[in-house]
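Secondary and tertiary structure notes
Each chain is listed here by its residues.
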Amino acid sequence: MTIRILDISDLSHCIALAEDRDWPPEDHKWRLLFRAGDVYGIDDPAGGGLAGVVVCTRYGRELAAVGMMLVAESHGRQGLGTRLMRHVIANAGVATIWLTATSYGRPLYEKVGFRAIDECTQYTGDFTGTEPRMRSRPVTDADLPAILALDAKVFGAPRPDLLRHLPEFTDGFRVMEGPNGLIGFGAAWRNTDNTVLGPVVADDKDTARALLSDLAASTTGPVRLDLVRSRPDQLAWAAEHGLRPGSSTTVMIHGDDLPGDRDRLFNPLMVAMG
């Protein structure tokens, strides 16, 4: 049961494995993960599918994000998850590895050296309670250099290849400008049953909230925000605008502390990618 790099031809098997563990069949999300990250898998020895999978997305030599850790129910408690995580750690080649862990998965990550630093909660619902002023505008190609420069300072690691995918991946991609240039950007993308608002990178919380309000106003149906417990003002703001807390995961890291100016990173693109 060797670990191998998967490619897009394995997409249907990844989705089937997710459904085996009662995860939604997030085809759109998986396609971005295949483009931007390394998808590792273990074939089911019985044939016709996967026994386990995990995705590692690297951002230079500073940071990697791990997500979509899945082991088939029929292969649970056989050490496959531990093997996959040790493989990721050995091959990441970065100073820090980041992930969010369910209560079920947290003991595995602690076993291989991850430590908890925060908690992340999904807030979902119909966004209400404010009249968006559309202070932001849609992104143009000319904005990309400024977006990459701002993101590199805030995220603390280069992710130009991922950000260049956002215009085609997202349903909305907006920027805000100040007197001296770009002060924030944000995106919204459609998942299976809601629209995720993220990433959102901004110089301050007012800019971030204006971006979120404009993005929410441009969508239909429920939205989702992934928010960390260490920013209670953002949790309160989400609740004031009609969103309700759902499932939570533990934010964990391996290696060095997170790089960058995390006070200006208000929402991740997704919890599988940071």
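Report on the accompanying structure.

Conventions we followed
Residues numbered from 1 in each chain as written. Predicted model: local features only at pLDDT ≥ 70, side-chain atom pairs only at ≥ 80, totals over all residues. Heavy atoms only, no water. Helix = DSSP H or I, 4+ residues; strand = E, 2+ residues; numbered from the N terminus. Buried < 20%, exposed > 50% of the residue type's maximum accessible area, 1.4 Å probe, protein only. 1 Å grid on protein atoms, 1.4 Å probe; cavity = no way out; pocket = protein on both sides within 12 Å on 5 of 7 lines; lining within 4 Å. Points joined across faces, edges and corners; volume = space filled by probe spheres on them. Phe/Tyr/Trp six-rings, centres within 6.5 Å; stacked < 30°, edge-to-face > 60°. Lys NZ or Arg CZ within 6 Å of the ring centre and 35° of its normal. Nonpolar A, V, L, I, M, F, W, Y, C, P; charged D, E, K, R; others polar.

Another aspect to go through is unusual backbone geometry. That bond from Gly-198 to Pro-199 is cis: its omega, 5°, falls within 30 degrees of zero. One non-glycine residue, Met-68, lies in the positive phi region at around 55°. Looking at the element boundaries, Met-68 is found in strand S4 (residues 63-71). Assessed through its relative accessible area of 6%, Met-68 is described here as buried. The backbone of Arg-77 shows a phi angle near 60°, a positive value even though the residue is not glycine.

Turning next to empty space enclosed by the protein. Summed over the entire model, instances satisfying the criterion amount to 1 cavity of 30 Å³ or more. Taken as a whole, the largest cavity encloses approximately 40 Å³ of empty space. Around the largest cavity sit Lys-29, Trp-189, Asn-191, Val-196, Arg-224, Asp-226, Met-270 and Val-271, which together line it.

Moving on to the packing of aromatic side chains. Inspection of every chain in the model, using the stated rule, returns 6 aromatic pairs. Between Trp-30 and Phe-34, the ring centres sit 6.3 Å apart and the planes meet at 40°, which makes this aromatic pair tilted. Of the two residues, Trp-30 and Phe-34 are both situated in helix H2 (residues 27-36); the distance of 4 residues between them amounts to about one turn of the helix. Judged by its relative accessible area of 13%, Phe-34 falls in the buried class. Ring centres of Tyr-59 and Phe-155 lie 5.1 Å apart, and the angle between their planes is 90°; on these two criteria the pair is classed as edge-to-face. You can see Tyr-59 sitting in strand S3 (residues 50-59) and its partner Phe-155 sitting in helix H5 (residues 144-155), a full 96 residues away along the chain. Classification of Tyr-59 as buried rests on a relative accessible area of 2%. Above the face of the Phe-155 ring, Arg-159 is positioned so that its terminal group lies 3.8 Å from the ring centre. Against the face of Phe-266 rests Arg-231, its NZ or CZ located 4.2 Å from the ring centre.

Estimated volume of the largest pocket: approximately 1,200 Å³. As for the largest pocket, its lining consists of 43 residues, of which Trp-23, Met-69, Leu-70, Thr-102 and Tyr-109 are closest to the centre. Put simply, the parts of the chain that give the lining of the largest pocket at least two residues each are S4, helix H3 (80-92), strand S5 (96-101), helix H4 (106-111), strand S6 (115-125), strand S11 (223-228) and strand S12 (244-255). Looking at the lining of the largest pocket, the element that brings in the most residues is S4, giving 6 residues. Considered class by class, the residues forming the lining of the largest pocket number 17 nonpolar, 19 polar and 7 charged. As for the second largest pocket, its lining consists of 24 residues, and the residues nearest its centre are Asp-118, Val-228, Leu-258, Arg-262 and Leu-265. Looking at the lining of the second largest pocket, the elements with two or more residues in it are S4, S5, S6, S11 and strand S13 (265-267). Classifying every residue of the lining of the second largest pocket gives 15 nonpolar, 4 polar and 5 charged.

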